[in-house]
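Topology and contacts: notes
As a plain string of letters, each chain reads:
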Amino acid sequence: MPVLPGLEMNTPELTIYRRKLPHWRIQGAIYFVTWRLAKHQLVLTPEERTDVETSLKYFEGQRYELPAYVVMDDHTHVLVVPLEGFGLQKIVHSWKTFSARRLTKNWGRTSPVWQHEYFDRIVRDEKELIEKAQYILNNPLKRWPSIQEYPWVGFGSCL
């Protein structure tokens, strides 16, 4: 799994753009990505979390690898490696769109389901990769310390 030893601002492969948040892109990078429910939305039910998880895993191995993810009751965290030819922005857009459609169709949610923007960060080295994976996997325990098992967390074999 690729981990970037360091990023230089003058690298021709590095693309930087901004909407409300800055987004950095470089081919072969691992990204930490997170997004939240829209402000008017109630927390996700267990069945809805399953639908979001299904959306995340739909093109796994075809468009991206998922080293780790968690679907919480009001947000999602993902470590993702886009495969060649697939951009992160389109991957995240498909996750949010596909899951929003499922949530409105299956559970009667109103649009917008997710906040418009999302946060992403390039994972720069192995230490940061381990740190982000631990953060994702421990997120349910941090929120609910007495929880024994949380079914909406995944840890891929590629890590």
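Residues numbered from 1 in each chain as written. Predicted model: local features only at pLDDT ≥ 70, side-chain atom pairs only at ≥ 80, totals over all residues. Heavy atoms only, no water.

1. Side note on the packing of helix α1 (residues 46–57) against helix α2 (residues 88–107)
Taken N-terminus to C-terminus, the directions of α1 and α2 make an angle of 145 degrees; their axes are 9 Å apart at the nearest point. Two packed elements cross with a definite hand, and for α1 against α2 that hand is right-handed. Contacts between α1 and α2 involve Glu 47, Glu 48, Asp 51, Val 52, Thr 54, Ser 55 and Leu 56 from the first element and Trp 95, Phe 98, Ser 99, Arg 102, Leu 103, Asn 106 and Trp 107 from the second. Grouping the constituent residues of the contact of α1 with α2 by class yields six nonpolar, four polar and four charged. (Axes fitted to C-alpha atoms, helices over the stretch in contact; angles between N-to-C directions. Helix = DSSP H or I, 4+ residues; strand = E, 2+ residues; numbered from the N terminus. Left-handed = near helix turned anticlockwise from the far one by under 90°. Contact = heavy atoms within 4.5 Å. Nonpolar A, V, L, I, M, F, W, Y, C, P; charged D, E, K, R; others polar.)

2. Here we look at unusual backbone geometry
Ser 111 connects to Pro 112 through a cis peptide bond whose omega is -5 degrees. Within the fold, Pro 112 resides in the loop between α2 and β6 (119–122).

3. Examining the nonpolar core
Trp 35, Leu 79, Val 80, Trp 95 and Trp 114 are the most contacted members of the largest nonpolar core, which totals 38 residues. Every element with two or more residues in this core is listed here: β3 (31–36), α1, β4 (64–71), β5 (75–82), α2 and α3 (126–143). Those residues in contact with Val 80 that sit more than four places away from it in its chain are Ala 29, Ile 30, Tyr 31, Val 33, Tyr 64, Glu 65, Leu 66, Pro 67, Leu 88 and Trp 95. (Core = buried A, V, L, I, M, F, W, Y, C linked by side-chain atoms within 4.5 Å. Buried < 20%, exposed > 50% of the residue type's maximum accessible area, 1.4 Å probe, protein only.)

4. Notes on the pattern of salt bridges
Considering all chains together, one arrives at seven salt bridges under this definition. Note that Arg 121 and Glu 128 form a salt bridge whose closest N and O atoms lie 2.6 Å from each other. Where Arg 124 meets Glu 128, a salt bridge forms, and the shortest distance between an N and an O atom there is 3.0 Å. By relative accessible area, which is 6% here, Glu 128 ends up buried. Ionic contacts of the salt-bridge type, sharing partners, join the residues Arg 36, Asp 73, Asp 74 and Arg 143 into one network. (Salt bridge = Lys/Arg side-chain N within 4 Å of Asp/Glu carboxyl O.)

5. Points about the pairing of β6
Going residue by residue along β6, you find Asp 120 and Ile 122 tucked away on one face and Phe 119 and Arg 121 left uncovered on the opposite face. Pairing of β3 with β6, which is carried by four bridges, proceeds in the antiparallel orientation. Following the sheet pairing, Phe 32 is matched in β6 by Arg 121. (Pairing = 2+ DSSP bridges.)

6. Some details on the packing of aromatic side chains
As enumerated under the stated definition, the model contains nine aromatic pairs in all. Where Tyr 58 meets Phe 98, the ring centres are 5.4 Å apart and the plane angle is 45 degrees; that geometry is what we call tilted. Within this pair, whereas Tyr 58 is found in the loop between α1 and β4, its partner Phe 98 is found in helix α2, the two being separated by 40 residues in sequence. Classification of Phe 98 by relative accessible area gives partly exposed; the value is 31%. Each member of the aromatic cluster is reached from another via a ring pair, and the members are Trp 35, Tyr 64, Trp 95 and Trp 114. The lysine or arginine in question, Lys 132, covers the ring of Phe 32, its NZ or CZ lying 4.8 Å from the ring centre. The cationic tip of Arg 143 hangs over the ring face of Trp 144; the distance from NZ or CZ to the ring centre is 5.4 Å. (Phe/Tyr/Trp six-rings, centres within 6.5 Å; stacked < 30°, edge-to-face > 60°. Lys NZ or Arg CZ within 6 Å of the ring centre and 35° of its normal.)

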